[in-house]
Amino acid sequence: MGLSGCNTDLWVQPKTKTLEKNDFFMAGQSARPLVEGAVARGHLREDEVFFTGIQNGAWVNDLPMPVTEELLKRGQERYNIYCSPCHGMQGDGEGMITHRGLELVRPPATYHTDRLREMPVGHFYNVITNGYGVMYSYAARVEPQDRWAIVAYIRALQLSQNVRYADLTEEERAEMAAQEHAAAQEKDSHQGGAH
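Residues numbered from 1 in each chain as written. Predicted model: local features only at pLDDT ≥ 70, side-chain atom pairs only at ≥ 80, totals over all residues. Heavy atoms only, no water.

A. Region of interest: empty space enclosed by the protein. Taken as a whole, this structure holds one cavity of 30 Å³ or more when the rule is applied. Put simply, the largest cavity is a space of about 30 Å³. If you trace the largest cavity, you find it lined by Tyr-82, Cys-83, Ile-128, Met-135, Tyr-138, Val-142 and Ile-150. Here the residues of the lining of the largest cavity are counted per class, giving seven nonpolar, no polar and no charged. (1 Å grid on protein atoms, 1.4 Å probe; cavity = no way out; pocket = protein on both sides within 12 Å on 5 of 7 lines; lining within 4 Å. Points joined across faces, edges and corners; volume = space filled by probe spheres on them. Nonpolar A, V, L, I, M, F, W, Y, C, P; charged D, E, K, R; others polar.)

Below, the structure is given as C-alpha coordinates:
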(Lines give C-alpha, C1' and ligand atoms only; values in the text may rest on other atoms or scores of the structure.)
Protein backbone atom coordinates (compact mmCIF):
# COMPACT_ATOMS: atom_id res chain seq x y z
CA MET A 1 0.00 0.00 0.00
CA GLY A 2 2.87 2.40 0.73
CA LEU A 3 4.28 1.91 -2.78
CA SER A 4 1.01 2.67 -4.53
CA GLY A 5 1.52 6.42 -3.96
CA CYS A 6 4.82 6.48 -5.97
CA ASN A 7 4.63 7.70 -9.50
CA THR A 8 7.51 8.23 -11.98
CA ASP A 9 5.85 11.17 -13.77
CA LEU A 10 8.18 13.57 -11.97
CA TRP A 11 11.26 11.80 -13.36
CA VAL A 12 10.01 10.92 -16.81
CA GLN A 13 8.44 14.00 -18.36
CA PRO A 14 7.60 14.66 -22.00
CA LYS A 15 10.28 17.10 -23.20
CA THR A 16 12.88 17.65 -25.90
CA LYS A 17 16.54 18.51 -25.51
CA THR A 18 18.36 21.15 -27.50
CA LEU A 19 18.75 20.17 -31.18
CA GLU A 20 17.01 16.84 -30.55
CA LYS A 21 15.01 15.27 -33.39
CA ASN A 22 11.32 16.10 -33.19
CA ASP A 23 8.63 14.98 -35.60
CA PHE A 24 6.15 17.62 -34.41
CA PHE A 25 7.74 20.41 -36.50
CA MET A 26 8.15 20.21 -40.29
CA ALA A 27 11.94 20.75 -40.10
CA GLY A 28 12.23 17.70 -37.86
CA GLN A 29 14.13 19.59 -35.14
CA SER A 30 13.11 20.60 -31.64
CA ALA A 31 14.96 23.93 -31.94
CA ARG A 32 12.97 26.64 -33.68
CA PRO A 33 14.53 29.44 -35.71
CA LEU A 34 14.57 32.89 -34.13
CA VAL A 35 11.80 35.25 -35.08
CA GLU A 36 13.03 37.63 -37.78
CA GLY A 37 14.47 40.79 -36.23
CA ALA A 38 15.00 39.20 -32.79
CA VAL A 39 17.85 40.78 -30.82
CA ALA A 40 19.54 39.16 -27.84
CA ARG A 41 18.97 40.97 -24.56
CA GLY A 42 21.60 43.68 -24.09
CA HIS A 43 22.57 43.71 -27.79
CA LEU A 44 20.14 46.24 -29.25
CA ARG A 45 22.29 48.74 -31.11
CA GLU A 46 20.07 51.79 -31.44
CA ASP A 47 22.86 54.35 -31.05
CA GLU A 48 24.13 54.65 -34.63
CA VAL A 49 27.07 56.89 -33.72
CA PHE A 50 28.31 54.68 -30.88
CA PHE A 51 28.10 51.41 -32.83
CA THR A 52 29.18 52.61 -36.29
CA GLY A 53 31.05 55.92 -35.96
CA ILE A 54 28.70 57.25 -38.63
CA GLN A 55 25.93 59.84 -38.42
CA ASN A 56 23.78 60.88 -41.38
CA GLY A 57 26.04 58.90 -43.72
CA ALA A 58 29.32 60.55 -42.65
CA TRP A 59 32.03 59.69 -40.14
CA VAL A 60 31.64 61.58 -36.89
CA ASN A 61 34.22 64.15 -35.81
CA ASP A 62 33.63 63.85 -32.05
CA LEU A 63 33.78 60.89 -29.71
CA PRO A 64 30.34 59.83 -28.44
CA MET A 65 31.52 60.03 -24.82
CA PRO A 66 33.54 62.48 -22.74
CA VAL A 67 37.31 62.06 -22.93
CA THR A 68 38.51 61.33 -19.40
CA GLU A 69 41.79 60.18 -17.92
CA GLU A 70 40.19 56.78 -17.30
CA LEU A 71 39.12 56.50 -20.95
CA LEU A 72 42.63 57.39 -22.15
CA LYS A 73 44.25 54.85 -19.80
CA ARG A 74 41.88 52.14 -21.03
CA GLY A 75 42.60 53.19 -24.60
CA GLN A 76 46.35 53.03 -24.00
CA GLU A 77 46.04 49.56 -22.49
CA ARG A 78 43.92 48.24 -25.38
CA TYR A 79 46.10 50.02 -27.98
CA ASN A 80 49.26 48.46 -26.54
CA ILE A 81 47.67 45.01 -26.75
CA TYR A 82 45.97 45.14 -30.14
CA CYS A 83 47.51 47.98 -32.16
CA SER A 84 51.13 48.50 -31.12
CA PRO A 85 52.47 45.24 -32.65
CA CYS A 86 51.95 46.81 -36.08
CA HIS A 87 51.51 50.55 -35.49
CA GLY A 88 54.20 50.93 -32.81
CA MET A 89 54.01 52.31 -29.29
CA GLN A 90 54.04 55.91 -30.59
CA GLY A 91 51.70 55.24 -33.51
CA ASP A 92 54.52 55.71 -36.01
CA GLY A 93 54.03 52.41 -37.87
CA GLU A 94 57.22 51.00 -36.34
CA GLY A 95 55.79 48.05 -34.42
CA MET A 96 57.59 44.78 -33.83
CA ILE A 97 55.88 43.23 -36.86
CA THR A 98 57.80 45.54 -39.18
CA HIS A 99 61.05 45.01 -37.27
CA ARG A 100 60.79 41.23 -37.44
CA GLY A 101 61.09 41.36 -41.20
CA LEU A 102 57.59 40.18 -41.99
CA GLU A 103 56.74 41.04 -45.55
CA LEU A 104 53.61 43.15 -45.68
CA VAL A 105 51.95 44.36 -48.86
CA ARG A 106 51.95 47.82 -47.35
CA PRO A 107 53.63 48.93 -44.11
CA PRO A 108 51.34 49.75 -41.15
CA ALA A 109 50.05 53.30 -41.10
CA THR A 110 51.69 56.01 -39.08
CA TYR A 111 49.10 58.19 -37.38
CA HIS A 112 51.38 61.20 -37.69
CA THR A 113 50.56 62.25 -41.24
CA ASP A 114 48.46 65.29 -42.03
CA ARG A 115 45.91 63.04 -43.75
CA LEU A 116 45.30 60.91 -40.64
CA ARG A 117 45.50 63.82 -38.20
CA GLU A 118 42.66 65.45 -40.14
CA MET A 119 40.63 62.22 -40.49
CA PRO A 120 37.40 62.15 -38.43
CA VAL A 121 37.40 59.86 -35.38
CA GLY A 122 34.65 57.79 -37.01
CA HIS A 123 37.20 56.64 -39.60
CA PHE A 124 39.44 55.09 -36.92
CA TYR A 125 36.45 53.41 -35.26
CA ASN A 126 35.40 52.03 -38.64
CA VAL A 127 38.88 50.67 -39.37
CA ILE A 128 39.06 48.94 -35.97
CA THR A 129 35.59 47.49 -36.55
CA ASN A 130 35.89 46.41 -40.19
CA GLY A 131 39.61 46.30 -40.92
CA TYR A 132 41.46 48.08 -43.72
CA GLY A 133 43.89 46.73 -46.29
CA VAL A 134 45.75 43.81 -44.69
CA MET A 135 44.46 44.75 -41.23
CA TYR A 136 41.64 42.43 -40.27
CA SER A 137 38.54 43.35 -38.29
CA TYR A 138 38.81 43.60 -34.52
CA ALA A 139 35.03 43.64 -34.02
CA ALA A 140 35.06 40.18 -32.43
CA ARG A 141 38.06 41.01 -30.20
CA VAL A 142 37.47 44.60 -29.08
CA GLU A 143 34.15 45.77 -27.63
CA PRO A 144 32.68 49.03 -29.01
CA GLN A 145 33.47 51.05 -25.86
CA ASP A 146 37.10 49.88 -26.04
CA ARG A 147 37.27 50.78 -29.74
CA TRP A 148 36.32 54.35 -28.80
CA ALA A 149 38.90 54.31 -25.99
CA ILE A 150 41.55 53.29 -28.54
CA VAL A 151 40.42 56.08 -30.87
CA ALA A 152 40.75 58.61 -28.02
CA TYR A 153 44.26 57.30 -27.32
CA ILE A 154 45.21 57.53 -31.01
CA ARG A 155 44.19 61.20 -30.91
CA ALA A 156 46.35 61.65 -27.79
CA LEU A 157 49.30 60.04 -29.62
CA GLN A 158 48.75 62.35 -32.56
CA LEU A 159 48.75 65.39 -30.29
CA SER A 160 51.85 64.20 -28.47
CA GLN A 161 53.84 64.03 -31.71
CA ASN A 162 52.52 67.19 -33.33
CA VAL A 163 52.57 69.97 -30.74
CA ARG A 164 53.35 73.40 -32.13
CA TYR A 165 55.91 75.40 -30.19
CA ALA A 166 53.57 78.40 -30.20
CA ASP A 167 50.93 76.34 -28.36
CA LEU A 168 53.25 75.56 -25.44
CA THR A 169 53.04 77.51 -22.18
CA GLU A 170 56.11 79.38 -20.91
CA GLU A 171 56.70 76.62 -18.33
CA GLU A 172 56.52 73.91 -21.00
CA ARG A 173 58.95 75.85 -23.21
CA ALA A 174 61.37 76.24 -20.29
CA GLU A 175 61.13 72.51 -19.49
CA MET A 176 61.70 71.64 -23.14
CA ALA A 177 64.77 73.91 -23.30
CA ALA A 178 66.15 72.32 -20.12
CA GLN A 179 65.69 68.83 -21.56
CA GLU A 180 67.38 69.81 -24.82
CA HIS A 181 70.26 71.36 -22.89
CA ALA A 182 70.68 68.23 -20.75
CA ALA A 183 70.61 66.01 -23.85
CA ALA A 184 73.23 68.17 -25.56
CA GLN A 185 75.52 68.03 -22.49
CA GLU A 186 75.17 64.25 -22.30
CA LYS A 187 76.02 63.94 -26.00
CA ASP A 188 79.09 66.18 -25.56
CA SER A 189 80.29 64.16 -22.56
CA HIS A 190 80.03 60.91 -24.53
CA GLN A 191 81.81 62.37 -27.54
CA GLY A 192 84.55 63.87 -25.36
CA GLY A 193 85.27 60.53 -23.69
CA ALA A 194 85.41 58.68 -27.00
CA HIS A 195 88.61 60.48 -28.26
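B. Summary view of the pattern of salt bridges. Across all of its chains, the model carries seven salt bridges by this definition. For Arg-74, the salt bridge goes to Glu-77, with nearest N and O atoms at 3.0 Å. Taken as a pair, Arg-74 and Glu-77 lie in helix H2 (residues 69-82) at a separation of three residues, close to a single helical turn. Here Arg-74 falls in the partly exposed class, since its relative accessible area comes to 35%. Arg-74 is the partner of Asp-146 in a salt bridge, and the nearest nitrogen-oxygen pair spans 2.8 Å. On the criterion of sequence distance, the pair formed by Asp-146 in helix H7 (residues 144-160) and Arg-74 in helix H2 is long-range, its members being 72 residues apart. You can call Asp-146 buried: its relative accessible area is 10%. A network of salt bridges, in which partner residues are shared, links Arg-74, Glu-77, Arg-78 and Asp-146. (Salt bridge = Lys/Arg side-chain N within 4 Å of Asp/Glu carboxyl O. Helix = DSSP H or I, 4+ residues; strand = E, 2+ residues; numbered from the N terminus. Buried < 20%, exposed > 50% of the residue type's maximum accessible area, 1.4 Å probe, protein only.)

C. Seen up close, the packing of aromatic side chains. Across all of its chains, the model carries eight aromatic pairs by this definition. Judged by centre distance (5.1 Å) and plane angle (85 degrees), the rings of Phe-24 and Phe-25 are edge-to-face. The class of Phe-24 is exposed, set by a relative accessible area of 69%. An aromatic cluster of at least three residues, connected via ring pairs, comprises Tyr-79, Tyr-111, Phe-124 and Tyr-153. We note Arg-173 situated over the ring of Tyr-165; from NZ or CZ to the ring centre the distance is 4.8 Å. (Phe/Tyr/Trp six-rings, centres within 6.5 Å; stacked < 30°, edge-to-face > 60°. Lys NZ or Arg CZ within 6 Å of the ring centre and 35° of its normal.)

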